[in-house]
Protein chains: 2
Amino acid sequence: VNVSKTAALYKNIQQTICSTLEEADGTGKFSLDTWEKEIGSGLTRVMQNGSIIEKAGVNFSHVKGDFNENMAQLLGENATYFEATGISSILHSNNPFVPTIHMNVRHFALDNGSSWFGGGIDLTPMYVNPEEARWFHQTLKDICDKYDTSLYPVWKNWADDYFYIEHRHETRGIGGIFFDRISISTEAELEKMLNLTSDLANAYPVIYAKLMKDNGRKSFTEAEKKWQKIRRGRYVEFNLIYDRGTKFGLESEGNIESILVSLPAEVEWAYQHKPEAGSNEAQTLELLKKGIEWAKNNG
Amino acid sequence: VNVSKTAALYKNIQQTICSTLEEADGTGKFSLDTWEKEIGSGLTRVMQNGSIIEKAGVNFSHVKGDFNENMAQLLGENATYFEATGISSILHSNNPFVPTIHMNVRHFALDNGSSWFGGGIDLTPMYVNPEEARWFHQTLKDICDKYDTSLYPVWKNWADDYFYIEHRHETRGIGGIFFDRISISTEAELEKMLNLTSDLANAYPVIYAKLMKDNGRKSFTEAEKKWQKIRRGRYVEFNLIYDRGTKFGLESEGNIESILVSLPAEVEWAYQHKPEAGSNEAQTLELLKKGIEWAKNNG
């Protein structure tokens, strides 16, 4: 059981993420809230009211302890001790043309010898820009392909299935990649997943900096702002009803403010809000479905 | 299996609720959206943008069908056919000094002979006014006492336990009454619960009309409006994470727009928002806990 190397690496990356985003925003600064509980420690970094970023949370944690029955049932494994570390982040912009983005990388290890990685990045535009969607998926595919060209297609579909709002029959956004329980049994496998998750976590603020640069100064109407808030309502529905990380955090009496920092600042719900046929909003809704192949197959 | 009498009564009461609220608001009007599915039919009535009421949903439904395994597990009973009817309503005001209120009455019957009522009313002030809280609870107690003085104390505690936001360690509001699986085996018991739930459902708009009259024209600051939106965030957390009615509705592929009309129009989440010690907001937080005896014991 040892995730210390990963933890040290992730903690550094958290710092890089925050400084890259501060630079891209120009105004907003991240707070530094360390927390310590019996289970371990963490560093929650939050930006509120930047010039383009409205609310950003970048959480790092490193926890360890007794492997209890709940975990055993959840993970289908027997062990007496676990250790885990990860970065989890969501960024919301005040500009409806800058998407919401989410990234998570995590390493979990048990004293029965099991050790695995999980994570992903997914994008939730309020207005889907197909060119941007293709670029986003291609960027993720390129990172995956460096390690193994069989990864992206599987992880892309996994994201489509995971980030799905069942009761709305729509995806949360345009997806991305999602993976879990990627087992590590050799030093080489550990290196590979350490590097791959680091590449993803490092690419994350760079991806967002480009989205901010391209869209963050675009002017928008009140109607477009309202649409953004309504789409954020869907994001809240996903996070509170389906997201396993959020559920696990709430049930395990985690650090509530760190867990729910993922929720957007301003949100709206409107009864039977339906965009006009042919509008930009209606076009976006049509693209919120599984199975769209945004990346080029021939990389 | 017969809830037709209840359904006819409840449908009339829905009409009364809406007209009483329209009169109290003066401006807003309820829409009339009937829906029909294989499982049955309903009438969803929604007011948006009244002068005091910002968003109100008053749902009536009457459903019947095969009693499936999910229901059997959920209810711990065996049967082949069920019938159910109910009114479910939530009202949100644009004025932070007018509380949010919720009411539900329902009658469920199975072809194995089982038949029961459930329901309740609970109040969620953004600013708890103790005098108003006492009046609200006393009003509910008076209705219950007409039928049986042992009901209010039990149903009041039931509401404290049900409307509890576990991960925040706070109640949703100042509670009210909540009851479920109140079994009916004689005609007299049926009459009693029909009358009791009708009294509650009829009192509901009258209670709210008074709260609107007393508070709906009060002026408020931007900070008070922001506090209202943050408290509404807690309401959303409760409804999406804990509320059984919402969960059941989402899982059974119910009428999504009718189910989620309960969510407030404008909501905010702020990281680590803590009211100043001694402020009105802090005083309210101190009253969001179980076990406060608002009604007089000697009624």
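Residues numbered from 1 in each chain as written. Chains lettered and ligands numbered in written order. Predicted model: local features only at pLDDT ≥ 70, side-chain atom pairs only at ≥ 80, totals over all residues. Heavy atoms only, no water.

Focus on the sheet that holds strand β1 (residues 33-37) of chain B
All names here are of chain B. Here seven strands make up an open sheet; going across it, the order is β1-β2-β3-β4-β5-β6-β9 and the pairing antiparallel. With one partner strand each, in any of the chains shown, β1 and β9 (175-183) form the two edges of the open sheet. Across the sheet, the axes of successive neighbouring strands diverge by a mean angle of 10 degrees, strand direction being ignored. (Pairing = 2+ DSSP bridges. Helix = DSSP H or I, 4+ residues; strand = E, 2+ residues; numbered from the N terminus. Axes fitted to C-alpha atoms, helices over the stretch in contact; angles between N-to-C directions.)

Comments concerning the relation of the copies chain A and chain B
With an RMSD of 0.0 Å, chain A superimposes on chain B once it is rotated by 180 degrees and translated 0.0 Å along the axis. As the rotation angle and translation indicate, the two copies are arranged about a two-fold axis. Nearest to the rotation axis, the C-alpha of Val267 of chain A is located 2.6 Å from it, this being the minimum over chain A. A share of 100% of the interface residues of chain A reappears at the interface of chain B, consistent with the copies meeting face to face through the same patch. (Least-squares fit on C-alpha atoms with pLDDT ≥ 70 in both. Contact = heavy atoms within 4.5 Å.)

Description of the nonpolar core
Judged by nonpolar contacts, the single largest core of 52 residues is most densely connected at Ile87, Ile101, Trp155 and Tyr208 of chain A. A total of 12 residues in this core trace back to one element, the largest contributor, which is helix α5 (residues 187-215) of chain A. Among residues more than four places away in sequence, those in contact with Ile101 of chain A are Ser89, Ile90, Leu91, Ile121, Asp122, Leu123, Phe136, Tyr204, Ile207, Tyr208 and Tyr235 of chain A. Core analysis: the next-biggest nonpolar cluster, separate from the first, contains 51 residues, Tyr10, Phe136, Ile174 and Trp294 of chain B among them. (Core = buried A, V, L, I, M, F, W, Y, C linked by side-chain atoms within 4.5 Å. Buried < 20%, exposed > 50% of the residue type's maximum accessible area, 1.4 Å probe, protein only.)

Section: the sheet that holds strand β5 (residues 100-110) of chain A
Residues and elements named next belong to chain A. Spatial ordering of the open sheet is given by β1-β2-β3-β4-β5-β6-β9, a layout of seven strands whose pairing is antiparallel. Looking at strand neighbours, the two that pair on one side only are β1 (33-37) and β9 (175-183), the edges of this open sheet. Taken over all neighbouring pairs, the strand axes of this sheet differ in orientation by 10 degrees on average, direction set aside. Here strand β6 (residues 115-124) pairs with β9 via seven bridges, running antiparallel.

What about the pattern of salt bridges?
The final tally for this structure, using the stated rule, is 34 salt bridges over all chains. Across the pair Arg172 of chain B and Asp122 of chain B runs a salt bridge whose closest N-O atoms are separated by 3.0 Å. Residue Arg172 of chain B is found in the loop between β8 (170-171) and β9, and its partner Asp122 of chain B is found in strand β6 (residues 115-124); the two are separated by 50 residues along the sequence. With a relative accessible area of 4%, Arg172 of chain B lands in the buried category. Here Asp122 of chain B falls in the buried class, since its relative accessible area comes to 0%. Residues Lys229 of chain B and Glu266 of chain B are paired through a salt bridge, measuring 3.1 Å at the closest nitrogen-oxygen approach. Taken together, the positions of Lys229 of chain B in helix α6 (residues 222-241) and Glu266 of chain B in strand β10 (residues 266-268) put the pair 37 residues apart, joining distant regions of the chain. Each member of the salt-bridge network shares a partner with another, and the members are Glu54, Lys225 and Arg232 of chain A. (Salt bridge = Lys/Arg side-chain N within 4 Å of Asp/Glu carboxyl O.)

Quick notes on the pairing of β6 of chain A
Working note: regular strand, side chains alternate between the two faces of the sheet. Residues and elements named next belong to chain A. In terms of burial, β6 is a largely internal element, 10 of the 10 residues being buried. Where burial is concerned, the two faces of β6 agree: the one with Ser115, Phe117, Gly119, Ile121 and Leu123 and the one with Trp116, Gly118, Gly120, Asp122 and Thr124 are both buried. Pairing between β5 and β6: 10 bridges, direction antiparallel. Bridging across to β6, His107 finds its partner in Phe117. As consecutive antiparallel partners, β5 and β6 are separated by four residues, and within that stretch Gly113 has a phi angle of approximately 105 degrees, a positive value.

Describing the environment of Leu263 of chain A
Structurally, the position occupied by Leu263 of chain A is in the loop between α8 (256-259) and β10 (266-268). With 11 residues separating them in the primary sequence, Leu263 of chain A and Lys274 of chain A have C-alpha atoms 23 Å apart. When neighbours within four sequence positions are excluded, Leu263 of chain A is seen to be in contact with Lys55, His92, Val236, Asn239 and Leu240 of chain A together with Glu237 and Trp269 of chain B.

Some thoughts on the packing of aromatic side chains
Per the stated rule, a full pass over the model turns up 22 aromatic pairs over all chains. Between Phe82 of chain A and Phe108 of chain A the ring centres are 5.6 Å apart and the planes differ by 15 degrees, which places this aromatic pair in the stacked class. Here Phe82 of chain A, found in strand β4 (residues 81-93), pairs with Phe108 of chain A, found in strand β5; they are 26 residues apart in sequence, far enough to count as distant. Here the two residues Phe82 of chain A and Phe108 of chain A agree in accessibility, since each one is buried. Ring pairing ties together the aromatic residues Trp158, Tyr162, Phe163, Phe178, Phe238 and Tyr242 of chain A, which thus form one cluster. In this structure, Arg181 of chain B is placed above the aromatic ring of Trp116 of chain B, and the distance from its NZ or CZ to the ring centre is 4.3 Å. Sitting over the ring of Tyr164 of chain B, Lys290 of chain B keeps its end group 4.3 Å from the ring centre. (Phe/Tyr/Trp six-rings, centres within 6.5 Å; stacked < 30°, edge-to-face > 60°. Lys NZ or Arg CZ within 6 Å of the ring centre and 35° of its normal.)

Thoughts on the packing of helix α3 (residues 130-147) of chain A against α5 of chain A
Residues and elements named next belong to chain A. Running from amino to carboxyl end, α3 crosses α5 at an angle of 160 degrees, the nearest separation of the two axes being 10 Å. On the basis of their axis angle, the class for α3 and α5 is roughly antiparallel. Crossing geometry of α3 relative to α5 is assigned as right-handed. Listed contacts from α5 to Glu132, Trp135, Phe136, Thr139, Leu140, Ile143, Lys146 and Tyr147 of α3 are Lys192, Asn195, Leu196, Asp199, Leu200, Ala203, Ile207, Lys210, Leu211 and Asn215. (Parallel < 35°, antiparallel > 145°, perpendicular 65-115°, else oblique. Left-handed = near helix turned anticlockwise from the far one by under 90°.)

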